[in-house]
Amino acid sequence: MKNIFLAAIAVTFLFSCGNNNGGSTATSGGKQSHTMYKKLFEKSMDIKDYSTAIVAIQMMLLEDSTITTYQDSLPELYAAINNVEAVSRTIDPVLKRHPKEEKFLQIKSIVQQEHGDYEGVLATYTTLYDITKKLTYLYQIGTLHFQAGNLEEASKVVDEVLAKAPDNKDSLDIFVSEQQKQKVPIMAAALNFKGYIFAQKRNLPEAKKYFETAIKVFPDFVMAKRNLQQLMGGGQKRPQ
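The following paragraphs examine the structure supplied in this document. Computed from a predicted model, the values in this text were never measured in an experiment. Along each chain, residues carry numbers from 1 onward, in the same order as the chain's sequence is written. The model is predicted, so local features are restricted to residues of pLDDT at least 70 and side-chain atom pairs to those at 80 or more, both for listing and for counting; the totals for chains, interfaces and linings are taken over all residues. Excluding hydrogens and water, the side-chain figures rest on all heavy atoms present in the structure.

**A closer look at the packing of aromatic side chains**
Then step 1. When the centres of two rings from Phe, Tyr and Trp lie within 6.5 Å, Trp using its six-membered ring, the rings pair. Their planes under 30 degrees apart give stacked, over 60 give edge-to-face, and anything left gives tilted. Throughout the structure, instances matching the rule amount to seven aromatic pairs.
Then step 2. For the ring pair phenylalanine 146 and phenylalanine 193, a centre distance of 5.8 Å and an interplane angle of 75° mean the geometry is edge-to-face. With phenylalanine 146 in helix H8 (residues 135–147) and phenylalanine 193 in helix H10 (residues 186–200), the pair connects residues that are 47 residues apart, well separated along the chain. Of the two residues, phenylalanine 146 and phenylalanine 193, both sit in the buried class.
Then step 3. Summarising the aromatic geometry, the rings of phenylalanine 198 and tyrosine 210 are spaced 5.6 Å apart at their centres and angled 25° between planes, so their arrangement reads as stacked. Pair noted here: phenylalanine 198 is in helix H10 and tyrosine 210 is in helix H11 (residues 204–217), with a separation of 12 residues, a long-range link.
Then step 4. Members of the aromatic cluster, connected to one another through ring pairs, are Tyr139, Phe146, Phe193 and Tyr196.
Then step 5. As a reminder, the over-ring test applies to NZ of lysine and CZ of arginine, requiring each to be within 6 Å of the ring centre and within 35 degrees of the ring normal. In this structure, lysine 133 is placed above the aromatic ring of tyrosine 129, and the distance from its NZ or CZ to the ring centre is 5.3 Å. Labels follow the DSSP assignment, with helices taken as runs of H or I lasting at least four residues and strands as runs of E lasting at least two, numbered in each case from the N terminus. Each residue is assigned to one of three classes by its accessible area relative to the maximum for its type, calculated with a 1.4 Å probe on protein chains only: buried under 20%, partly exposed between the two thresholds, exposed over 50%.

Structure below.
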């Protein structure tokens, strides 16, 4: 699975901003400094300067640690600058306040993937599917079983996706190269996945059938075409 985060990036900022009053800002000028940092936060978000936005929030939290609205923004902002360790430290308190919030559960799953926490990711995706009923999460559960070497469980999950996919308009991103993704309808993606599972079992006729059906459902499906070509050509690369 391709990592979504890169290496952690240090966040630096001129920490003395607003502290030119000999330390009296937090007492006599608390409201004024809070307003200043709030404006700094809003301006930073407007120009997508997420590092400065984080510092503005942290300065506001130093004055008042109860402002949860800004605390809730921290995991997303740390994710935006690829600081996975900071995301890891800030996401759990947010989830305690919002245990069923999809975007925060998604962030949690990314952190778990980065830490190689298979059981944790599986639990989080299961929660996401239970809450949203989105087949993309059920599909991800299948990929987790596959990556763990549990082909039979992966196949059962894909069958469940296929049973529910005909009336579903979900889609997901499939990587076709290191930098390029293609948005694929969930039905086609599940058919390709099923074909891949059969390929791993060396059941090539069934694999071929599923790859061909995936292409019929989505004629522009790059990965399914590549998988079928490799299967028919007897190449060394395995389908994906």
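**Things to note about unusual backbone geometry**
Then step 1. The residue lysine 48 is not glycine, and still its phi comes out positive at about 60°.
Then step 2. When you line up the elements, lysine 48 lands in the loop between helix H1 (30–46) and helix H2 (50–63).
Then step 3. Within the chain, lysine 133 stands out as a residue other than glycine whose phi angle is a positive 60°.
Then step 4. Within the fold, lysine 133 resides in the loop between helix H7 (118–132) and H8.

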